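Reading the structure
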Amino acid sequence: MHGEGICVKLSFHIQWGYAAYNANPAFYGEAVQGVFIKVKRMNSQERKKARFERRIKKREAKRQEKVSLYDNFENVADPDNIYLAFKKSRCEVSWKESIQRYEMNLLKNITETSRRLLAGEDITRGFVEFDIFERGRPRHIKSVHIYERSAQKSFCDYALVPMISRSLIYDNGASLKNKGLHFAINRLIAHIGKFYRTNGYSNDGYCLLIDFSKYFDNIRHDILFKQYDSVFSDKRIVKLLRDFITPFGDNKSLGLGSQVSQISAIFYPNKMDHYIKEVLRIKYYGRYMDDLYLIHKDKKYLEYCLMDIKKICTSLGITVNLKKSKIIKLKDGIKFLKGIYALTDTGRIIRRADPSSRKRMRRKLVKFKTLYEAGKMSQSDVYTAYQSWRGNYLKRFDAFHTVRRMDGLYNGLFIFDRRVQ
């Protein structure tokens with residue numbers, strides 16, 4: 001074994017504490033190729049350290065690859081990327097006059113946007129402001145013009161989202177591709193099921209629900225820009241971010257009608273997300289914009305977690321809504337995103353809808369009847385609106401009988417349509 005010989009499989013010799021030099025010259029140092037030498041086998045701690053170092057190098061290589069591709073202002077201002085961004089921005093709104101007017105001079109507008117971006121000029125053009133009522137709550141929307149929206153879409157797709165997505169936790173679900181409302185709900189259901197199995201097949205546990213007060217209005221620009229400074233080295237990208245965000249308010253506030261604002265709202269409490277997962281060690285945690293849940297078997301520990309989270313939120317300028325933030329038993333049901341999810345003794349997860357959503361739909365159907373009789377809604381409009389609610393309701397909740405009763409109301413008001421089964 002100590003003399004010259006033909007190199008065979010390395011794994012065979014490692015069993016005996018030997019290795020062939022020509023398998024890894026950098027590791028075995030100076031020796032004659034093909035000569036077997038005795039090596040010291042690593043203990044468990046040394047193997048863990050070596051794996052950790054390899055993992056760090058691999059992560060750094062991936063990060064450098066991302067930086068070289070997306071920490072580059074020229075990609076944002078590239079006319080081809082702006083054109084692709086416009087095509088995505090017009091989806092489902094191509095009927096609007098502003099979209100059609102922009103598309104009439106598409107080449108000119110895209111070229112002008114690219115030129116102004118490269119020249120460092122401000123491309124913001126104010127907002128289209130309007131109010132909506134969502135679930136009975138008024139919301140003020142500041143929607144950006146299509147000229148600016150195309151630039152924002154290019155900026156998000158080719159710089160912002162690729163650079164920050166790797167730093168976000170997996171269970172941060174909102175406004176990203178394949179991460180929306182149903183993703184967040186499915187993750188909650190998965191977390192409840194995993195907790196049941198790891199808790200000795202028992203539903204004896206608790207959930208801390210946290211809600212933020214006026215989340216978008218309280219996001220501080222100075223903290224947000226400081227976070228982005230640590231992400232991007234290209235100062236032109238950070239300047240463009242400031243141009244997109246500062247018009248929404250003096251020193252704080254983000255708008256609901258801007259993609260950059262939506263992505264920034266996801267990224268802003270990232271420090272808190274990592275603290276909950278890595279320091280507090282909450283395995284079953286998820287966040288959908290400003291709605292959070294933490295599942296644990298110990299109620300006292302969740303109270304301690306709430307105190308720590310409040311401190312982090314205070315440093316970020318975020319206000320925790322104490323009226324909506326509470327600790328509840330899993331068997332009583334977790335109210336999350338207008339649904340109630342209760343864990344039974346047998347491990348079944350009962351999915352119930354918030355009663356307010358059913359009441360709102362009943363009122364809507366009565367209102368649709370008035371609008372239909374006045375000629376302001378067509379038969380197809382009424383049918384499409386109802387089917388949208390019906391399909392989402394059946395997908396999210398165990399509500400077969402509720403939907404059947406709603407079908408009876410619908411057919412009683414609109415007897416012209418018998419397609420609902």
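From a predicted model like this one, the values you see are computed outputs, not experimental measurements.

Let us now look at the side chain of Asn199. Within the secondary structure, Asn199 is located in the loop between helix H9 (181-198) and strand E5 (206-213). On the basis of relative accessibility, which here comes to 19%, the residue Asn199 falls in the buried class. Reaching out from Asn199, the side chain makes a polar contact with the backbone oxygen of Ser202 at a distance of 3.4 Å. If we skip the residues at most four places from it in the chain, Asn199 touches Asp204 and Lys297.

A word on the pairing of strand E6 (residues 284-288). Most of E6 is tucked away: 4 of the 5 residues are buried. As judged from the 5 bridges shared by E6 and strand E7 (residues 291-296), these two strands associate in the antiparallel manner. Residue Arg287 lies in a different strand from E7, and its bridge partner there is Leu292. Remark: 2 residues form the turn of the hairpin made by E6 and E7, two consecutive strands paired antiparallel; Met289 in that turn has positive phi of roughly 60°.

Our next topic: the sheet that holds strand E12 (residues 349-353). Read from one edge to the other, the open sheet built from 3 strands follows the order E10-E11-E12, with strand pairing classed as antiparallel. Looking at strand neighbours, the two that pair on one side only are strand E10 (334-336) and E12, the edges of this open sheet. Within the sheet, the average angular offset between the axes of one strand and its neighbour, ignoring direction, is 25°. Where helix H16 (residues 379-396) meets the sheet, its contacts fall on E10, strand E11 (339-343) and E12, and the angle it forms with E12 comes to roughly 155°.

Moving on to the packing of helix H6 (residues 97-104) against helix H7 (residues 106-118). Axis separation between H6 and H7 bottoms out at 5 Å; the angle between their running directions is 85°. Here H6 is positioned roughly perpendicular relative to H7, judged by the angle of their axes. Together, Tyr102, Glu103 and Met104 of H6 and Leu106, Asn109, Ile110 and Thr113 of H7 make up the contact between the two elements. Partitioned by chemical class, the residues of the contact of H6 with H7 number 4 nonpolar, 2 polar and 1 charged.

Next up on the list: a nonpolar patch on the surface. Residues Val128, Phe130 and Ile132 make up a contiguous nonpolar surface patch of roughly 230 Å² in combined accessible area. Assignment of secondary structure puts Ile132 in strand E3 (residues 127-134). In this structure Ile132 comes out as partly exposed when scored by relative accessible area, which is 33%.

As a further point, take helix H8 (residues 146-164). At Cys156, H8 shows its largest bend, some 50°. Most of H8 sits out of view: 16 of its 19 residues are buried.

The next subject is the pattern of salt bridges. One pass over the structure, following the stated rule, counts 18 salt bridges. Linking Asp354 and Lys335 is a salt bridge whose minimum nitrogen-to-oxygen distance equals 3.3 Å. A residue pair is termed long-range when its members are at least 10 positions apart, and Asp354 in the loop between E12 and helix H15 (355-373) and Lys335 in strand E10 qualify at 19 residues. Through salt bridges with shared partners, one network takes in Glu112, Arg115, Arg116 and Glu121.

Bringing the nonpolar core into the picture now. Phe155 and Leu294 are the most contacted members of the largest nonpolar core, which totals 68 residues. It is H8 that contributes the most residues to this core, 9 residues altogether. Not counting residues within four places of it along the chain, the set of residues in contact with Leu294 comprises Tyr206, Cys207, Leu208, Ile210, Ile276, Ile282, Tyr284, Tyr285, Leu302, Cys305 and Ile309. Counting residues in hydrophobic clusters, the runner-up holds 35 residues, among them Cys207, Ile334, Tyr383 and Phe397.

We now examine the environment of Leu160. Within the fold, Leu160 resides in helix H8. Assessed through its relative accessible area of 0%, Leu160 is described here as buried. Spatially, the C-alpha atoms of Leu160 and Ile237 are 8.9 Å apart, while their sequence positions differ by 77 residues. Leaving out residues up to four positions away in the same chain, Leu160 has contacts with Phe155, Tyr228, Phe232, Val260 and Ile263.

Rules of the game
- Counting restarts for each chain, with residues numbered from 1 along the sequence as it is written.
- Whole-chain, interface and lining totals are the exception, using all residues; otherwise, since this is a predicted model, local features are given only for residues with pLDDT of at least 70 and side-chain atom pairs are given and counted only at 80 or more.
- Computation of side-chain values covers all heavy atoms of the structure but excludes hydrogens and water.
- Numbering of helices and strands starts at the N terminus; helices are DSSP runs of H or I of at least 4 residues and strands are runs of E of at least 2.
- Three labels apply to residues, based on accessible area from a 1.4 Å probe with only protein chains included: buried if under 20% of the type maximum, exposed if over 50%, partly exposed otherwise in between.
- In protein, a polar contact means a hydrogen-donor-capable atom and an acceptor-capable atom, both N or O and within 3.5 Å, with residues adjacent in sequence counting only if both atoms are side-chain atoms; elsewhere, any N or O pair within 3.5 Å suffices.
- The contact definition used throughout considers only heavy atoms, calling two residues in contact when any of these lie within 4.5 Å.
- By this definition, two strands are paired if DSSP reports at least two bridges between them.
- To get an axis, a line is fitted to the C-alpha atoms, and for a helix only the part in contact is used. The angle between two axes follows their N-to-C directions and goes from 0 to 180 degrees.
- If an angle is under 35 degrees, it is roughly parallel; if it is over 145, roughly antiparallel; if it lies from 65 to 115, roughly perpendicular; otherwise it is oblique.
- Each residue receives one of three labels: charged for Asp, Glu, Lys and Arg, nonpolar for Ala, Val, Leu, Ile, Met, Phe, Trp, Tyr, Cys and Pro, and polar for the others, Gly being one of them.
- Every patch collects residues that have over 30% relative accessible area and no salt bridge, joining them within 9 Å if they carry like charges and within 5 Å if they are nonpolar side chains (Val, Leu, Ile, Met, Phe, Trp, Tyr).
- Only the protein chains shown count as cover for residues, and the accessible areas themselves come from Shrake-Rupley with a 1.4 Å probe.
- The salt bridge definition used is simple: a Lys or Arg side-chain nitrogen within 4 Å of an Asp or Glu carboxyl oxygen.
- Bend, at a single residue, is the angle you get between axes fitted to the 7 residues ending at that residue and the 7 residues starting at it.
- What is meant by a nonpolar core is a set of buried Ala, Val, Leu, Ile, Met, Phe, Trp, Tyr and Cys residues, joined one to another through side-chain atoms within 4.5 Å.

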